[in-house]
Structures are given as C-alpha cells and as structure tokens.
Amino acid sequence: MKKLKLILLTSLILFGISCKKLNTNNNKLETKVDSILAIMTLDEKIGQLNLVAGNMDQTGPTTNKEYEKDIKDGRVGAILNVYGVEQVRKLQELAVKNTRLRIPLLFGYDVIHGFKTIFPIPLAEACSWDIELIEKTARLSAEEACAAGLNWTFSPMVDIARDPRWGRVAEGSGEDCYLASLIAKARVIGYQGEKLNDPLTMAACVKHFAAYGAPIGGRDYNTVDMSDRMLRETYLPPYKTAVDAGVATVMSSFNELDGVPSSGNKYLLTQILRNEWGFKGFVVSDWTAINEMVNHGYAASEKKAGELALNAGLDMDMQGAVYFNYLKKSLDEGKISEKQLNESVRRILKLKYNLGLFANPYLYLDNKREKEITYSKRHLDHALLSAKESIVLLKNTDYKGRKLLPLSKSVKKIALIGPLADNKKDMLGTWNAQGDENKVTTILAGLKSKYPESIIEYTKGSDFNGKDKVGFNSAITLALKSDIVICTIGENIDQSGEAASRSEIGLPGVQQELMEELVKTGKPIIAIVMAGRPLTIEWLSKNVNAILFAGHLGTRAGDAIADVLSGDYNPSGKLVMTFPRSIGQVPIFYSTKNTGRPFDAKNSYTSKYLDISNDPLFPFGFGLSYTSFEYSNLKLSKQSIQNSESLTVTFTLKNTGKYDGEEVAQLYIRDLVGSVTRPVKELKGFKKVFLKSGEQKELSFSITENDLKFYDANMKFLAEPGKFKVFVGSNSVELLEADFELL
Ligand code: GLC
C-alpha cells in the first residue's frame, strides 16, 4: 500500500511539474511574443499577415513582381513556392539580416503526397484504409520537405467529396467523414511529429475550410449551399479532427457557403473554428481568396474585403496583397481594431516561435541533411508499399479454368497497351510538388523487372485527348499475336486536380473506342484504370476479364503494379468513393437516405430512373482480393445498451481462398428512426486484417452511445433511444446484419 501511495505521490508531483513546465513554456512564449509586438510598427505588423508567392512553382492564377525589397522592409511574413536549402537561405537571410526586428519567415508549399519521393495521390492512398501507413507517408513527406528548407505544408486537404466531376476529389479521402477524419488526424500527426521545433517536422494546414468539396455541378470554385446539419454532420468532422489533433494552421476555401465566402465568414472562422472548437493557430486564405470576395459580390472593394476578412477571423492573406495595401487605412478609419491586428500577428509569431525559427532562423537549412534524406531508401520503400496498398481489384474473372489474375507463370506473350504504360510524368498525379518524373518506374519497366523482356511488347494505342486513332492498328495487331492484353487507361496528370472538373467522367479521348477494338480481338484483357477520380466504366466492367483501379501511384507506380499483376502482392484496397454507372446518377454515395418511396421493383411509384439502376457500378468500401473471405457468426453481446454501456459486435472472418491476403472488415450502423431522417448506413469502424489461406479469426468491434450521435431536430448533438441495425462485411453492400436497441 505504501508503495502505491509513493507511486501516486510521485506521479502527481511529475504531473504538476509538467503542467507547470507547460504553463511556464506558454508564459515564456506569450512574454516573448508580447515583447516583440510591443515594439513592432504598424507596417511590420501588417507585414506578418502578408504571404507572398515565389516563382519556383506556379500554383495559382497570379505571379509576383520582385518582393525582396518588401522582405527587407519587414513587410512579408511568409513565402510559398520557394524551396531548396540555398533558395530558402537567401530569402531567410534577407529577412533576418536586413529587417529591423529580424523576424524569420515561414516557408510554405503544397506537400500533398510527397515532396520529391511521390506517394499515391490521397484519393488512392485512402483506398489502403491503412491509417498507420498514411501517417508514415506524411512523416516521410515532411522529412524530405523540411530537408529542403520548408517548414509549412498546405496539407492535409480533407474536403469530403461526393461528386466525381470535381477534379479535386483526387486530393481528398473520399466520401465518408469517419474514414476521412481518421486520415486527417494521421496526416497532421505525420507532418507535425512530436515537436514542431524539430528540423524534420513542419506545420500542417488543414484545408479548404469549409465544404469546398460540395460545389454545385461538381464545378470547381462554384457555389456551395447546404443545411447546417449537413455541414456539421458530413463536411466538418475531418476539419475538427485535424484541429483536435493540433493542426497549426487552417486554410479558408474559395467557395461561398450559404451566401458568405469562407474567407469573410465569421460563422466559420470565429464561431465554429475558435469559439466552438478552441482552435489557437492561425487562418490563412487560399490564393487571392480575400480579393475574390469582390467577384463574389460580397465586398464592394478589395479594401472592404480585407476588413470583412480580418473581422471574420482571417489572419494571413495568401498572395492577395489586400492586407498589405489597405489594412493601415482601414485601421485609421476604425474599420478594424489594433487589437484584432495584434491577435493575428500574435498567432503567426507564436507559430514561428514554436517552429524554433526565433531561436535559429536557419534550423531547417542543412545541405548535408538535404542530400541524405532526399530519395532515401526508406522513402522509396515506403512509396512502393503505399502504392501497392492503394490498388483496388474491381474485377477478376475465370479464364481457361483459373482466375485471370495473378498472371500465370506460363504466360508466353504479354501485350501492354495504353497511354499510361510507358509513362513517367502522369504516374505522379496532380499536386506532385517536386516529384521528378525521371525517378518514376513505369508500368512497362515494372513488368520488365518481373518477366523476360522477350515476352512483353508495348504500344501506346491512343492518347488522352483528341480523336486520333492512328495507334489502333498496331494495338490490335499486337493484341492478336499475344496471350494476354494489359491495357493501361484513364486520365493524365492534368485531367484531375484544381480547376480540372469534367462534365463527363468516362475514359478521355478515344480510349473507350480503343478498348472496344481490343475486346473484339477476343483476347483476355486486364484493364488498369488510373485516374484522379472514379470513372464511369460500366462498359469496361462488362467486357473485360479483370480491372484494377490504381489512382495515380507516384514514384514507384510501375513496381507496385508489377507486384500485383504477378501475384507478389495480393491487392487489398477498398474504394473510398462510389463508382457511378453513369454521370446521371451523380451525386451518388453509400450513406444515403431511404426516402418515403425507396426503390421497389414491383411498384413504379418509387424512387428510380427509367433508364438505369439506382445501384452504383462499384460501391463504397468495395475491393476484391486474389483470395476470398467469408464473414459468419455475427453476434451481439447484448440486445440493448443504455447510458455508458458498450455493445460488442463479434464475427468470424475466414480466408477461404488459396492466397494469403488482407481484408478490410467494415462496421456500419443504421438508426431506423430519428427526430430527423437518418442515413441507411454510416461507417463506424473498420479493421485491416491479414489472414493466411485457410486461417480464420474472431474479430470484434465496440459500439457506444457516442457512435450513435447526430444533430437532432434542434441541432443538438446527441443519440436518441430507438432501434438500430448493425452491419459487418467486406463493403457497404455485402453485409451481415443484426438488430439492437438504445434504451
Ligand atoms: C491553390 C489551392 C490550395 C493551395 C494554394 C497554394 O489555389 O487552392 O489548395 O494550397 O493555392 O498553392
């Protein structure tokens, strides 16, 4: 007993010391910032709110005149799109050696899925459902970026998206807020690490706040209009998870929400972000998003836009120079207060302090470290693993008595056809930072590393755009003389990402016609579909023998594809966005409402299309394996729960096939009746499990009242007593189910 008391006393003392230490550090930080604020001129304060774009990369519609003079005059707080130890050092020295207060600069960049070593685009990597892997990708991305002198990334992008016409679905984690929230947290932790003042960790920036992923018509930058309930239940959770994970900064989005542009939206930037969520970092606008409030018709002038933005809680102006040009006058006119200005400056100075830049402005600048870390084996090995886990097997039918995939060892002649086969640049995908296409393993090179060169023959067949079919004949000729045809089709790097919405989401150019000609040869066909979004590939799904969806997989794309085709890796990916049969079904997603007239084939007065099924081509959570998995013995620990009780859901998962493999077992619930209608399914858990052939495991999930909460009729976030269903299975459609009640 005495020992226990001693342990308790010691831990209380240690806890007290650490709190005191934390408070001391905080007080030290506040004192430091107060001391700088007290001597800053108005120009110097406004300078800290000014984020200026360098010209080493162009990621927005405007470029800059030279800004070195502004830096020397202390009128720039941060730079984006400048990287590399030498280039960063040059500008940091300008700021630190020439300005009166020697305040260091932040250096930001879009490190979205890697800096030099490029990992799969986020939409693809999310298909791994491997949270640990995703966190490590962010960690390794930060290492390479920090080694190049950067200390701030405009990532993670966490915009929920249910409309594949929108090109930026490529940068996000799909349609589900539960999965996207876990991924958002993993990326923030990956980028920011344990301590921000570690030279290999960087400030993250969760974007684009908020609901940028729901533009009308799927057209980028278009209006977003939704209920507060939809906003809070579906679109806000990933941002909140990032804030709870300690994300250092938030980026306001281009879109208006309910009539108010995000960059001037006090409900978003102050009420929700700060008052409800307690966010302490700073908010940066997206590229000239403050200026664009004039286009929105929300501000009569840029000066007015600046006042609306600062009053809404926007701290830093990306590339718009609105704060730079007008805040002094707005202050003189009393349109903004010095207190507000000081608050914004304080938030920015605190991040610089926490990054260790006051202690050492050159902390991130080490040429030797840059060389050692860039393209390290750790980076390239992880890029391969991430690429493999990102691949989704959508179809794999029998051919001559066996599944077509993995490729038979006895295959004699492989035709490799399509614009993505011998292609380095497009493997990198959108937002590929400083990825070097010359480092990319193409699919052709990957296959040649696995199979004798003599059995592989390649022809491009078609391009991504236009009507030119000149490559068809050689493609058909090659197919006819081969045992098997592997087609690499889909989108190039420019057909998804920012400002890249598509009104039709089929195979671009004449690729569909190429596939039709190749199917006519009667040869077995494997389609490897690579794109920054789901594509409408229903014809393909009916007419080829096997389909892999592979997003854009990054530097190790070809090695990953070859490992999967050869069977050296058994694909385990699961879709994170629904694949529609037709663009006419969009928006289409799994977590839909039942409606008053759910589809009933026997009754025409029910919710349906005359010309197509309501069902998606491939549902959320779908992905096959070379083996097969069986779910059985679904059992609940009790028939009802109340208050703080938890319900244990157990089931047996068996690998019934002949390959070892990984399965993502998914848990969904349905609240049958609520004070507002509830979705027919909501993802509430998943486990990625490795099972050897023939092996089985009993797995379990736990459900508590917290998992059942939603915004009720009065917008209170709570769970309502009533009947529920629980589902467990391999995707959002093929599920075992059971009933329980919340008392
Ligand atoms: C772009 C994007 C944003 C990016 C920023 C800086 O317009 O919308 O995601 O972080 O500008 O490149």
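Structure's up top.
Residues numbered from 1 in each chain as written. Predicted model: local features only at pLDDT ≥ 70, side-chain atom pairs only at ≥ 80, totals over all residues. Heavy atoms only, no water.

Caption draft 1: Broad picture of the packing of helix H16 (residues 377–390) against helix H21 (residues 557–566). Interaxial distance between H16 and H21 falls to 8 Å at its minimum, and their mutual angle equals 50 degrees. By the angle between their directions, the pair H16 and H21 is classed as oblique. Here H16 and H21 pass one another in a crossing that is right-handed. Packed against H16, whose contacting residues are Leu 384, Ala 387 and Lys 388, the element H21 presents Asp 559, Ala 560 and Asp 563 at the interface. Residue classes in the contact of H16 with H21 are distributed as three nonpolar, no polar and three charged. (Axes fitted to C-alpha atoms, helices over the stretch in contact; angles between N-to-C directions. Helix = DSSP H or I, 4+ residues; strand = E, 2+ residues; numbered from the N terminus. Parallel < 35°, antiparallel > 145°, perpendicular 65-115°, else oblique. Left-handed = near helix turned anticlockwise from the far one by under 90°. Contact = heavy atoms within 4.5 Å. Nonpolar A, V, L, I, M, F, W, Y, C, P; charged D, E, K, R; others polar.)

Caption draft 2: Structural context of the packing of aromatic side chains. Scanning the model with the defined rule gives 24 aromatic pairs in all. Here the aromatic rings of Trp 152 and Phe 154 are separated by 4.9 Å at their centres, their planes lie at 70 degrees, and the arrangement is edge-to-face. Like Trp 152, the residue Phe 154 is buried in the burial classification. Centroid distance Phe 724 to Phe 740: 5.3 Å. Interplanar angle 15 degrees. Geometry classified as stacked. Highlighted residues: Phe 724 in strand S27 (residues 722–729) and Phe 740 in strand S28 (residues 735–742), separated in sequence by 16 residues. For Phe 724, a relative accessible area of 1% translates into the label buried. When its relative accessible area of 3% is taken as the criterion, Phe 740 is described as buried. Within the aromatic cluster, the residues linked to one another by ring pairs are Trp 129, Tyr 178, Tyr 590, Phe 620, Tyr 668 and Phe 686. Note that Arg 75 overlies the ring of Phe 324, its terminal NZ or CZ placed 4.0 Å from the centroid. (Phe/Tyr/Trp six-rings, centres within 6.5 Å; stacked < 30°, edge-to-face > 60°. Buried < 20%, exposed > 50% of the residue type's maximum accessible area, 1.4 Å probe, protein only. Lys NZ or Arg CZ within 6 Å of the ring centre and 35° of its normal.)

Caption draft 3: Structural view of the sheet that holds strand S10 (residues 317–318). If you trace the five strands from one edge of the open sheet to the other, you get S4-S3-S2-S1-S10, paired in parallel fashion. Two strands in the sheet have a free side with no partner beyond their single neighbour: strand S4 (152–153) and S10. Here strand S1 (residues 50–53) pairs with strand S2 (residues 78–80) via three bridges, running parallel. In the sheet register, Leu 51 faces S2, and the bridge partner there is Ala 78. (Pairing = 2+ DSSP bridges.)

Caption draft 4: Summary view of the site of the ligand. Taken together, 14 residues are adjacent to the ligand, and Thr 59, Asp 110, Arg 168, His 208 and Asp 286 come closest. One of the side-chain nitrogen or oxygen atoms of Asp 110 is found 2.5 Å away from an oxygen atom of the ligand. Within the contact set of the ligand, an oxygen atom lies 2.8 Å away from a side-chain nitrogen or oxygen of Arg 168. Tallied by class, residues from the shell around the ligand come to seven nonpolar, two polar and five charged. (Near = heavy atom within 4 Å. Polar contact = N/O pair within 3.5 Å; in protein donor to acceptor, adjacent residues only side chain to side chain.)

Don't take any of this as a statement about function, it's just geometry.
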